[in-house]
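Each chain, written out:
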Amino acid sequence: MNTDTARPAPSTRIPFSVLDRSRTREGQDAGRALRDTVDFAREAEALGYHRFWVSEHHSVPGVAGSAPTVLAAAVAASTTTIRVGTGGVMLPNHRPMVVAEQFGVLESLFPGRIDMGLGRSVGFTEGIRKALGHGKADADDFPGLLEELLGWMTGEQARYPQVHARPAEGLRVPAFVLATGRGAEVAARAGAPLVIAAVRGEEAMLRSIDAYRARFRPSAWGTRPHVIVSGTIAIAATTEEARRILVPEAWSTAYSRTRGDFPPLRPADDIGPGTMTARQRELFDEAMSGHLYGTSEEVGPALAGLLARTGADEFLVTTSTYDRAALYDSYRRLAKLRGLAASPSASVRER
């Protein structure tokens, strides 16, 4: 294999980061979910995680995070050292100048701590897309939208003479591209870090990573390829307890794919074969697969293998569940497993 495209040797000390989607829980309102996200960021910071990112979803009952830059501001104001960003802002939903201005404000308020994660997804349904004023065709122009956005940051955009995105212009907020669709190709062309998950299987992910590294063009946003692999990791005292952490999210996924509505998370105890149709059970089993879960002794070797196969520069953990105490305990165990630099005040608060 050409040395330019070879996967780098894995590091035992790569950063681990967190993506939280502000999932709502059955019996709790959206405000509670958003406050939980801010609390979670403080826990992640205390445990030594490198970044804390929030997401963008619109008109989804199970997700409270519809305004990621607003939520990122609340997270950054409640933390002191952890990097804060978006995973991501869905660029086809917005004018690039406005996105640049929002990140310019964030970076000006919290210098050196803001990340600009960007994706190409549009609204979940036709009605949402109409309400947002954007359609599926807008996603096809993601490369152009990204180029315009980065041009607003550098001051090099020429489409709108004498117009400036202030206070963003001249700031170097790190930009990350989420690998949906042609995301790996777009990230390589822009010279930006790539965030990628095995949504179509590990082999497809590995091919995308290899192509990204081979086609990467150094830029103001990155001098070398940088791959952030994202995925779900659940660790508990027993394998079965770790598996239970995955159940609420898998059930929500199965429900959404059969009912067209992504619901709030339910307690694992309320979910069983009798609560699902045959098709939902099939989708549930599918949603339960492909994750790393178990005890620390089980997850450690499996995670090391994944990092070796991908040559990842960083790992973004995306685990969510109904039981926040179990969730925090899982992240604590992962931090210990990976030797993250925990703050002396690190604790797991039950909520």
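We now turn to the structure provided with this report. This structure is a prediction, so every number in the text was calculated from the model and none was measured.

Take the nonpolar core next. Counting residues in hydrophobic clusters, the biggest one holds 70 residues, and the most contacted among them are F16, Y49, F52, M116, I233, L303 and F315. A total of seven residues in this core trace back to one element, the largest contributor, which is helix α6 (residues 142-154). In this structure L303 touches F16, I233, L292, F315, L334 and R338, once residues within four positions along its chain are discounted. Within the second largest apolar cluster, 15 residues are counted, among which are W251, L283, F284 and M288.

Okay, the packing of helix α3 (residues 96-109) against α6 next. Contact pair α3 / α6: the axes reach a minimum separation of 9 Å and the direction vectors enclose 45°. When the axes of α3 and α6 are compared, the pair comes out oblique. Between α3 and α6 lies a crossing of right-handed hand. In contact with P96, M97, V99 and A100 of α3, α6 contributes L145, E148, L149, W152 and M153. In terms of residue class, the contact of α3 with α6 is made up of eight nonpolar, no polar and one charged.

Next up on the list: the pairing of strand β2 (residues 51-54). Going residue by residue along β2, you find R51 and W53 tucked away on one face and F52 and V54 tucked away on the opposite face as well. Of the pairings in the sheet, the one linking strand β1 (residues 16-20) to β2 comprises three bridges and is parallel in character. Across the sheet, V18 pairs through a bridge with F52, a residue of β2. This β-α-β element, β1 to helix α1 (residues 30-47) to β2, shows right-handed connectivity. As defined by bridge partners, β2 adjoins strand β3 (residues 83-86) across four bridges and the pair is classed as parallel. If you follow V54 over to β3, its bridge partner there is T86.

Moving on to the environment of G133. Examined against the element boundaries, G133 turns out to sit in the loop between α4 (126-132) and α5 (136-140). Placed 109 residues apart in sequence, G133 and T24 show a C-alpha to C-alpha distance of 26 Å.

Moving on, we come to the pattern of salt bridges. As enumerated under the stated definition, the model contains 20 salt bridges in all. The shortest N-O distance in the salt bridge between R324 and D36 comes to 3.9 Å. With R324 in helix α12 (residues 324-338) and D36 in helix α1, this residue pair connects regions lying 288 residues apart in the sequence. For the pair formed by R324 and D36, the shared burial category is buried.

Reading the values: the criteria
- Residues numbered from 1 in each chain as written.
- Predicted model: local features only at pLDDT ≥ 70, side-chain atom pairs only at ≥ 80, totals over all residues.
- Heavy atoms only, no water.
- Core = buried A, V, L, I, M, F, W, Y, C linked by side-chain atoms within 4.5 Å.
- Buried < 20%, exposed > 50% of the residue type's maximum accessible area, 1.4 Å probe, protein only.
- Helix = DSSP H or I, 4+ residues; strand = E, 2+ residues; numbered from the N terminus.
- Contact = heavy atoms within 4.5 Å.
- Axes fitted to C-alpha atoms, helices over the stretch in contact; angles between N-to-C directions.
- Parallel < 35°, antiparallel > 145°, perpendicular 65-115°, else oblique.
- Left-handed = near helix turned anticlockwise from the far one by under 90°.
- Nonpolar A, V, L, I, M, F, W, Y, C, P; charged D, E, K, R; others polar.
- Pairing = 2+ DSSP bridges.
- Right-handed = clockwise from strand over helix to strand, strands pointing away.
- Salt bridge = Lys/Arg side-chain N within 4 Å of Asp/Glu carboxyl O.

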